[in-house]
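Next come the chains, spelled out residue by residue.
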Amino acid sequence: TCELLSETEIMCPSPKVPIEKLNFVKDGTNTLPIQLEYGFRMDNVERVTNLSNRPSFSKFFMYPDPVVYSISENNGIIQYRGENLVIQGNNLNYVFQVSDIIVHIGTGYCNLTSLTPSRITCEPQSTISADKNANSDLYENELLEIVVEIGDRLNFTIGKMKYSSKKTFTLGNPVLIGVASSLVVLILIILIISLYCYRKRMKNKESFVIHLENASKRLENPPDVWRKNMYGDEDAPQFVPARKYVRPKVNKIMT
């Protein structure tokens, strides 16, 4: 059944074509679409029964249906630890967009963040309630079915998700672990550098204090004490006061 949008536009769902009548060809990892003829049965009007060859109408291409694979590890059960949910598949974005895909977890939702031909990535809800009587979409310690809904016709039940009984979940993201490790190493380096600078500063301070003490002692003691400290009591040289030179008087002899 088609829906009339305006006097010049009409929207119709794609017809179901038996898979045995479709012969898709692969080009490497991509599947090539098949061009089909299309038209309308409209009160036996002949000119609309085949619109494929009319230049004013676009071509009709049939793509293979998307396929979503079931979760294979851990008997199809995923333990939620605060990470995004990655769903594997094939032919996912040839026709459909992010807005055409809904991922259900129990009665809650998983918000889609990216879509590729072979992968759906979504972010599960992180807030849960342990009380089933509360208005909450998720319950702790229960196995919640993961259902992928694509368009109006395709539904895939791929596994189950289990939420921890704790309110806070353990972060298992390798990026967060790497950042935390880097911060710890950086703090250790800063502490080592600070300790080295502190010890060097204290050593310089001690040397300066010793120098000041020696200088003050030299200022307080007389020169004789300096000599005794340098040469000892017996070997200390004795200072002899300098004598004043007196020029001898010469008498002049008159001849």
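For clarity, every value in this text was computed on a predicted model and none was experimentally measured. (Residues numbered from 1 in each chain as written. Predicted model: local features only at pLDDT ≥ 70, side-chain atom pairs only at ≥ 80, totals over all residues. Heavy atoms only, no water.)

K.L.:
Residues and numbers for unusual backbone geometry, please.
P.N.:
Of note in the backbone geometry, Asn-44 takes a positive phi value of approximately 60° without being a glycine. With respect to the helices, strands and loops of the structure, Asn-44 is situated in the loop between β5 (34–36) and β6 (60–62). Even without a glycine there, the phi angle at Asn-75 is positive, about 55°. For Asn-75, the location among the structural elements is in the loop between β7 (67–68) and β8 (77–79). Exposure remark for Asn-75: the relative accessible area of 76% places this residue in the exposed category. (Helix = DSSP H or I, 4+ residues; strand = E, 2+ residues; numbered from the N terminus. Buried < 20%, exposed > 50% of the residue type's maximum accessible area, 1.4 Å probe, protein only.)

K.L.:
Outline the UniProt feature "transmembrane region" (unreviewed entry) in the chain, listing residues and values.
P.N.:
Listed under "transmembrane region" (unreviewed entry) in the UniProt record, and renumbered for this structure, are residues 175–198. With 100% helix and 0% strand, the stretch residues 175–198 has end C-alpha atoms that lie 35 Å from each other. (UniProt positions renumbered as here; feature names shortened; annotations may be inferred.)

K.L.:
Give me the lowdown on the state of the cysteines, citing residues and values where you can.
P.N.:
Within the structure shown, the criterion is met by two disulfides. Each sulfur in the disulfide pair Cys-2 and Cys-12 lies 1.8 Å from the other. Judged by the torsion about the S-S bond (115°), the Cys-2/Cys-12 disulfide is right-handed. With a gap of ten residues between them, Cys-2 in the segment before β1 (3–4) and Cys-12 in the loop between β2 (10–11) and β3 (25–27) connect regions that are remote in the sequence. Paired by a disulfide, Cys-110 and Cys-122 hold their sulfur atoms 2.0 Å apart. The disulfide joining Cys-110 to Cys-122 has a torsion of about 95° about its S-S bond and is therefore right-handed. With Cys-110 in strand β11 (residues 108–116) and Cys-122 in strand β12 (residues 119–124), the pair connects residues that are twelve residues apart, well separated along the chain. Comparing Cys-110 with Cys-122, the two get one shared label, buried. Taken in N- to C-terminal order, the disulfide-linked cysteines of the chain are connected 1-2, 3-4. (Disulfide = S-S within 2.5 Å.)

K.L.:
So, the pairing of strand β10 (residues 101–105): which residues are in play, and what are the values?
P.N.:
Burial of β10 is extensive: four of the five residues sit out of reach of the surface. Note: β10 against strand β13 (residues 143–150), five bridges, orientation antiparallel. Counterpart to Ile-101 in the pairing with β13 is Ile-150. Linking two consecutive strands that pair antiparallel, namely β10 and β11, is a turn of two residues; a positive phi of about 65° is found at Gly-106 within it. (Pairing = 2+ DSSP bridges.)

K.L.:
Can you lay out the nonpolar core for me, pointing to particular residues and giving the numbers?
P.N.:
Ranked by size, the top nonpolar core spans 23 residues in total, and within it Leu-85, Val-103, Ile-120 and Val-148 carry the most contacts. Residue assignment for this core shows that the elements contributing at least two residues are β9 (85–90), β10, β11, β12, β13 and β14 (154–162). Sorting elements by how many residues they give to this core places β13 first, with four residues. (Core = buried A, V, L, I, M, F, W, Y, C linked by side-chain atoms within 4.5 Å.)

K.L.:
Please set out the pairing of β13 residue by residue, giving values where relevant.
P.N.:
Here eight bridges tie β13 to β14, and the two strands are oriented antiparallel to one another. Paired with Leu-144 across the strands is Met-161, a residue of β14. Counted along the chain from β13 to the antiparallel partner β14, the turn is three residues long, and its residue Gly-151 has a positive phi close to 65°.

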